[in-house]
Amino acid sequence: GDDNSGRKVITFSCCRMPPSHQLNHTRLLEYLKYTLDQYVENDYTVVYFHYGLKSLNKPSLKWLQTAYKEFDRKVVLWGEAVQDQCLFCCLFLLPTSAWYKKNLKALYVVHPTNFIKILWNIFKPLISHKFGKKITYLNYLADLGQHLKYDQLNIPQEVIRHDENLWRKQKGKLPPVVKVPPPRPPLPTQQFGVSLQYIKDKNKGELIPPVMKETVSYLKSKGLQVEGLFRRSASIQTIKDVQKLYNQGKSVNFDDYHDIHIPAVILKTFLRELPEPLLTFDCYDHVLEITSVESCLRVTRCKQIIQGLPEHNYVVLKYLMCFLHMVSQESIYNRMTASSLACVFGLNLIRPQKGAASLSALVPVNLFTELLIDFYTNIFNSRTVPGE
């Protein structure tokens, strides 16, 4: 899922770790690296659920040392005490290698033990002050809700029960049930969180939503050669303020903000908040099958899937892909290849109707998006929609 800043969230649950003798720790390290590598080129957040780490399932000290070497971190480890909390060590020391810490914006440690806090103080001299500010201890799941929509996370039942037990012990009752107010009807000028059809109906039949036109136009004129375009996040409050202006039908002048990444984040946020993703729920399973198609036939298959989209979705997708293709053509300056852009936009374009996309969905979703960008001219050349 995403946090309140639109950054991708990676979760690690200790209670999911099987007994050490049943686990191939080499594979675990490869899995950790693979997972992080999906996101480290963009801003991301890590949530670490500490509950469930026991003597039976903690990796060995030798494995931890190997992990540090793999992530280019030279730290001398000592003692059984460090081993006892080694997964936590891994999560706050692995990202301190230059490559992994660069875009890690927050590390939330849920249900920390006192020893974890002591351990942090021991290692603090080895960690930069800037990175230390990214770590937040959260005693209860409810606290996590201040930073992201934790109901979209796949939180193990063991962690939820542990959280309830902590509440009973500390406060003598269960955690409060968060009451969700009924949704307000959208404003006539609303653009975020409403359907493409709603925006079209309220904008004299225009197929391309105004927020897309304005952000794309601005980025075309001033952002095509900006290094790391779409990789960076922006001020949460500024993004909320810009969204509010758009939803109220007021004009937005991006020059006033002096930050090229704000229109980039606004564009991603618009796509992410569509009630139904641009590629539609119906296409999700078809997109996941792209990796099973022979390489030489994948572009043709992409074209077939895209041809099945509703006309409005097709036009908006074509408009977006034309722009992203332009961005990729300037990758010598902006470092944003079709592959890099696919990692950023993939899950903003398609998701399952229920729950969050699984890790296994990342490869086909990103591949499909990369093909749309790379072969834009070929894929979108045979269908014209009236009013496009």
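A short tour of the structure in this document, coming up. (Residues numbered from 1 in each chain as written. Predicted model: local features only at pLDDT ≥ 70, side-chain atom pairs only at ≥ 80, totals over all residues. Heavy atoms only, no water.)

**Looking at the packing of helix 16 (residues 311-329) against helix 18 (residues 338-349)**
Viewed as axis vectors pointing N to C, helix 16 and helix 18 meet at an angle of 155°, and their least axial separation amounts to 10 Å. Between helix 16 and helix 18, the angle falls in the class roughly antiparallel. Both helix 16 and helix 18 take part in a crossing whose hand is right-handed. Listed contacts from helix 18 to Leu320, Met321, Leu324, Val327 and Ser328 of helix 16 are Ala338, Leu341, Phe345 and Leu349. A breakdown of the residues in the contact of helix 16 with helix 18 according to their chemical character gives 8 nonpolar, 1 polar and no charged. (Axes fitted to C-alpha atoms, helices over the stretch in contact; angles between N-to-C directions. Helix = DSSP H or I, 4+ residues; strand = E, 2+ residues; numbered from the N terminus. Parallel < 35°, antiparallel > 145°, perpendicular 65-115°, else oblique. Left-handed = near helix turned anticlockwise from the far one by under 90°. Contact = heavy atoms within 4.5 Å. Nonpolar A, V, L, I, M, F, W, Y, C, P; charged D, E, K, R; others polar.)

**A few points about the pattern of salt bridges**
One pass over the structure, following the stated rule, counts 3 salt bridges. Notably, a salt bridge pairs Glu206 with Lys213, separated by 3.0 Å at the nearest N-O pair. Glu206 sits in the partly exposed class, given a relative accessible area of 40%. According to the relative accessible area criterion, Lys213 is partly exposed, its value standing at 37%. A salt bridge links Arg335 to Glu227; the nearest nitrogen and oxygen atoms lie 3.9 Å apart. Residue Arg335 is found in the loop between helix 17 (331-334) and helix 18, and its partner Glu227 is found in the loop between helix 11 (210-222) and helix 12 (236-247); the two are separated by 108 residues along the sequence. Residue classification places Arg335 among the partly exposed residues on the basis of a relative accessible area of 48%. According to the relative accessible area criterion, Glu227 is exposed, its value standing at 52%. (Salt bridge = Lys/Arg side-chain N within 4 Å of Asp/Glu carboxyl O. Buried < 20%, exposed > 50% of the residue type's maximum accessible area, 1.4 Å probe, protein only.)

**Remarks on the pairing of strand 1 (residues 8-13)**
Burial runs high along strand 1: 5 of the 6 residues are buried. Sheet topology note: the strand 1/strand 2 (residues 44-49) ladder contains 6 bridges and is parallel. From the neighbouring strand, Phe12 faces strand 2, where its bridge partner is Tyr48. (Pairing = 2+ DSSP bridges.)

**A closer look at the side chain of Ser328**
Inspection of the secondary structure assignment puts Ser328 in helix 16. For Ser328, the side chain forms a polar contact with the main-chain oxygen of His325, separated by 2.7 Å. The residues contacting Ser328, other than those within four sequence positions of it, are Met336, Thr337, Ala338, Leu341 and Ile373. (Polar contact = N/O pair within 3.5 Å; in protein donor to acceptor, adjacent residues only side chain to side chain.)

**Considerations on the packing of helix 13 (residues 261-272) against helix 18**
Geometrically, a packed helix pair is captured by the angle between its two axes and the distance between the axes. In contact at an axis separation of 8 Å, helix 13 and helix 18 are set at 30° when each is read in the N-to-C sense. One finds that helix 13 runs roughly parallel with respect to helix 18. The two elements helix 13 and helix 18 cross, and the hand of that crossing is left-handed. Contacts from Leu267, Lys268, Leu271 and Arg272 of helix 13 reach helix 18 at Val344, Phe345, Asn348 and Leu349. Residue classes in the contact of helix 13 with helix 18 are distributed as 5 nonpolar, 1 polar and 2 charged.

**What to know about the nonpolar core**
Core analysis: the largest hydrophobic core is formed by 66 residues, its most contacted members being Phe230, Ile306, Leu320, Met321 and Phe345. When residues in this core are grouped by element, the largest group, 9 residues, is from helix 16. Residues contacting Ile306, with those up to four places away along its chain left out, are Leu279, Tyr314, Leu317, Phe368, Leu372, Ile379, Phe380 and Arg383. (Core = buried A, V, L, I, M, F, W, Y, C linked by side-chain atoms within 4.5 Å.)

**Here we look at the pairing of strand 2**
Taking burial as the measure, the 6 residues of strand 2 include 6 buried ones, the bulk of the element. Side chains Tyr44, Val46 and Tyr48 project from strand 2 onto one buried face, and the interleaved Thr45, Val47 and Phe49 project onto a second face that is buried too.

**Re unusual backbone geometry**
With phi around 60°, His111 is a residue other than glycine that occupies positive phi space. Along the chain, His111 falls in the loop between strand 3 (104-110) and helix 6 (114-123). Taking relative accessible area as the criterion, His111 reaches 6% and is therefore assigned buried.

**So, the packing of aromatic side chains**
Any aromatic ring pair is given by two values, namely how distant the centres are and how the planes are angled relative to each other. Scanning the model with the defined rule gives 9 aromatic pairs in all. The interplanar angle of 80° and the centroid separation of 6.1 Å between the aromatic rings of Phe192 and Phe270 together place this pair among those described as edge-to-face. With Phe192 in the loop between helix 9 (157-171) and helix 10 (196-202) and Phe270 in helix 13, this pair connects stretches of sequence that are 78 residues apart. When sorted by exposure, Phe192 lands in the same class as Phe270, which is buried. Members of the aromatic cluster, each reached through a chain of ring pairs, are Phe192, Tyr246 and Phe270. (Phe/Tyr/Trp six-rings, centres within 6.5 Å; stacked < 30°, edge-to-face > 60°.)

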